[in-house]
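Per-entry structural report
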Amino acid sequence: MRDTLRLGGGAGFAGDRLDAPVDLAERGELDYLVLECLAERTIALAQLRRRRDPATGYDARLAERIESLLPVLARRRVRLVGNFGAANPLAAADAIVAIAKRLELPVKVAAVTGDDVLDLLDLDTPAMESGVPLSHYAPIVSANAYLGAEAMLPALASGADIVVTGRVADPSLFVAPLMHEYGWAPDHLERLARGTAVGHLLECAGQLCGGYFADPGRKDVPGMANLGFPYADVAPDGNAIVSKVAGTGGQITLATATEQLLYEVTDPHGYLTPDVTADFSSVTLTEAGPDRIAVRGARGRARPEQLKVSVGYLAGYVGEGEIGYAGAGALARAQLAAEIVRERLAHRFGDLRIDLIGSTSLHGHAFDADERPYEIRLRVAGRTRSREDAMVIGDEVEALYTNGPAGGGGARKYAHEQIGIVSTLLDRSRVASAVTIREWKGTHAEAL
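Because the structure is a prediction, the values reported are computed rather than measured. (Residues numbered from 1 in each chain as written. Predicted model: local features only at pLDDT ≥ 70, side-chain atom pairs only at ≥ 80, totals over all residues. Heavy atoms only, no water.)

**So, the sheet that holds strand β9 (residues 271–272)**
Put simply, the rule is: Strand pairing requires that DSSP identify at least two bridges connecting the strands. Comment: elements are numbered from the N terminus, with helices defined as DSSP H or I runs of at least four residues and strands as E runs of at least two. In what follows, a contact means two residues having at least one pair of non-hydrogen atoms within 4.5 Å. Geometry is summarised by axes, namely lines fitted to C-alpha atoms with helices restricted to the contacting stretch, and by angles between N-to-C directions that run from 0 to 180 degrees.
With antiparallel pairing, three strands are arranged side by side in an open sheet as β9-β10-β13. Looking at which strands have only one partner, the edges of the open sheet turn out to be β9 and β13 (299–301). Sheet analysis places strand β10 (residues 277–279) next to β13, joined by three bridges and oriented antiparallel. Opposite T277, over in β13, you have R301 as the bridge partner. Packing against the sheet, helix α7 (residues 189–202) makes contact with β9, β10 and β13, and its axis sits at approximately 115° to β13.

Structure below.
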């Protein structure tokens, strides 16, 4: 058995930077590069794209990612794991093979499917957020279960250079290579919990290195324009040291690691994943050198018997309009503009939101009694059942150019379809994953 396995965190969401993972793969001496590209809305929106075109539905930036990464991965012999298959891992695998053929780089891709459980939904089941039956949220367009590391093991065992999945729990993307390389079993709860802690630290990529952490004057972070992405050297027992490539920006400290460890963790004593119920309260973080933090000691209990399912539904359309006011009296003029729009639209749109960006948009009201902002941006948004109605909102805001207070400028308007997200649970015994291989050996591509 090897002494350590080096895992790199190469993406924290679908819109993450493309150059940082290339540098991490090139100079990080990785064994695996992991891309975490899915939020709840991301996969629901991908399902919409797939409905319009069955050949799509994977990460919209897949081509850019793979074109930049594949030569480096091949040269450095780094395996790539990621959930950038989104709503269509099979099409993603085909797209990767097509790119490999164009670049003349042999590749073996394993696509993990089974997370799409739309056909298994019981619409009488309550949504976790509201307790209301799922039928209330119709029309439902997507339902994706959070698969765990076990679903990925056959793909890794196939020897694939790239493993592409749909909805897999974020830390499970990192736990799977550890299970594969170290032979961890599903009942090795302590090791799975430690691997989950490491995966949770890496899954948001640049956040561990000071991105999102930074707060000038309070929590200063150097070199953020060249923010490094992290990696972890993980031992067979699951304990690890996290670090980043020398010379990259940002920093990995006890503070950045502590913030990331607690990020999105509702209960540190019982962090639920498809692989294990992890107890982070026993985790110790210690400095092991500059930009090096040792992570030890997570405990584990049995995994949940049910899988979380993210359900996407059509929530109508949102119409938006924006216009800016600047100079003396900017706030008063923006307030007058808001009153005009409210009077003209409130009777037609019950769900109308009006924000004065720069004054009230975040906290609802200003906490400074003497507030005299020099520039204000008025934003009006409303939810509607049709695109045509949504367009009316932006039109009204744009009309303020000549029908509103003095000095309005920079008007913009939008109308877009809205996807709502709720969650439910599904017995894991009902969810069956599968692995499909796509390969190009250098002379021809074939589906096995």
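**Some words on empty space enclosed by the protein**
Our working rule: Both cavities and pockets are sets of points on a 1 Å grid over the protein atoms alone; in a cavity a 1.4 Å probe fits but cannot get out, in a pocket the set is open with protein on both sides within 12 Å along at least five of seven lines, and lining residues sit with an atom within 4 Å of a point. Grid points are joined across faces, edges and corners, and a volume is the space filled by probe spheres set on the points. Each residue receives one of three labels: charged for Asp, Glu, Lys and Arg, nonpolar for Ala, Val, Leu, Ile, Met, Phe, Trp, Tyr, Cys and Pro, and polar for the others, Gly being one of them.
Tallied over the full model, the rule gives one cavity of 30 Å³ or more. The computed volume of the largest cavity comes to approximately 30 Å³. Per-class residue counts for the lining of the largest cavity are three nonpolar, no polar and three charged.

**Brief notes about the nonpolar core**
Inclusion rule: Among buried residues, those of type Ala, Val, Leu, Ile, Met, Phe, Trp, Tyr and Cys that are joined through side-chain atoms within 4.5 Å constitute a nonpolar core. Under the scheme applied here, a residue whose accessible area is under 20% of the maximum for its type counts as buried, over 50% as exposed, and between as partly exposed, the area being computed with a 1.4 Å probe on protein chains only. All domain edges in this entry derive from an automatic or database-based domain assignment.
Judged by nonpolar contacts, the single largest core of 67 residues is most densely connected at L7, V81, V163, L202, V242, F280 and V309. Built from parts of two domains, this core gets at least three residues from each of domain 1 (5–118 + 144–309 + 426–447) and domain 2 (311–423). Beyond its immediate sequence surroundings of up to four residues, F280 is in contact with A193, T196, A197, H200, L261, V265, P268, Y271 and A298. Ranked by size, the runner-up nonpolar core spans 35 residues in total, among them A25, L69, L80 and A95.

**So, helix α8 (residues 254–262)**
Convention followed: Directions drawn from the helix axis to the C-beta atoms are what define this arc.
Every buried residue of α8 is listed here: T256, A257, Q260 and L261. With its buried residues spanning 130° around the axis, α8 presents them on a single face. Elements that come into contact with the buried residues of α8 comprise α7, β11 (284–289) and β12 (292–296). Two residues or fewer past α8, E264 is found with a positive phi of approximately 60°.

**Describing the pairing of β12**
Pairing of strand β8 (residues 240–244) with β12 involves three bridges; the strand directions are antiparallel. Residue pairing in the sheet places I241 in a bridge with A294 of β12. Inspection of the sheet shows β11 paired to β12 by five bridges, in the antiparallel sense. Paired with L285 across the bridge in β12 is V295. Hairpin geometry of β11 and β12 is characterised by an intervening segment of two residues between the two adjacent antiparallel strands and by a positive phi of about 55° at D291.

**With respect to the pattern of salt bridges**
Condition: Each salt bridge in this description consists of a side-chain nitrogen of Lys or Arg and a carboxyl oxygen of Asp or Glu lying within 4 Å of one another.
Inspection of every chain in the model, using the stated rule, returns 25 salt bridges. Ionic pairing is found between R52 and E417, a salt bridge with its closest N-O pair at 3.2 Å. Taken together, the residues R52 in helix α2 (residues 40–52) and E417 in strand β17 (residues 409–427) connect sequence positions 365 residues apart. Relative accessible area serves as the criterion here: at 21%, E417 is assigned to the partly exposed category. Residue D94 is joined to R438 by a salt bridge in which the shortest nitrogen-to-oxygen separation is 2.7 Å. Of this pair, D94 sits in helix α4 (residues 89–103) while R438 sits in strand β18 (residues 434–440), and the two are 344 residues apart along the sequence.

**Here's the deal with the domain arrangement of the protein chain**
Selection criterion: Buried area is a sum: the accessible area each of two parts loses on coming together, probed at 1.4 Å, counted once for each and added.
The domain architecture assigned to the protein chain consists of domain 1 (5–118 + 144–309 + 426–447) and domain 2 (311–423). The C-alpha centroid of domain 2 is placed 38 Å from the C-alpha centroid of domain 1. With eight residues of domain 1 at the contact, the number on the domain 2 side is eight residues. Of the roughly 650 Å² buried between domain 1 and domain 2, counting both surfaces, carbon and sulfur atoms make up 65%. Interface area lost by domain 1 to domain 2 is led by R41, L48 and V309, which between them contribute 53%.

**Some points on the environment of K413**
To be explicit about the condition: Pairing of N or O atoms within 3.5 Å defines a polar contact, subject to two protein rules: one partner must be a possible hydrogen donor and the other a possible acceptor, and residues neighboring in sequence count only if both atoms are side-chain atoms.
Looking at the element boundaries, K413 is found in strand β17. With relative accessibility at 35%, the residue K413 sits in the partly exposed group. The spatial distance from the C-alpha of K413 to the C-alpha of G319 is 7.6 Å, given a sequence separation of 94 residues. In this structure, K413 is in contact with E320, G321, G394, D395 and E398, ignoring residues within four places of it in sequence. At 2.8 Å, the side chain of K413 and the side chain of E398 are in polar contact.

**Quick look at the packing of aromatic side chains**
Stated precisely, the cut-off is as follows: Only Phe, Tyr and Trp rings are paired, with Trp represented by its six-membered ring, and only when their centres lie within 6.5 Å; those with planes under 30 degrees apart are stacked, over 60 edge-to-face, the remainder tilted. Remark: a charge is flagged as sitting over a ring if the NZ atom of Lys or the CZ atom of Arg is within 6 Å of the ring centre and within 35 degrees of the ring normal.
Going through the model one piece at a time under the given rule, you end up with four aromatic pairs. When the ring of Y137 is compared with that of Y313, the centres are 4.9 Å apart and the planes differ by 50°; the resulting orientation is tilted. Pair noted here: Y137 is in the loop between β4 (107–113) and β5 (140–145) and Y313 is in strand β14 (residues 306–326), with a separation of 176 residues, a long-range link. The two residues Y137 and Y313 agree in class, both being buried. Consider the rings of Y271 and F280, whose centres lie 5.2 Å apart with planes at 35°: the pair is tilted. An identical accessibility class is assigned to Y271 and F280; each is buried. One residue, K219, lies across the ring of F213, its end atom 4.4 Å from the ring centre.

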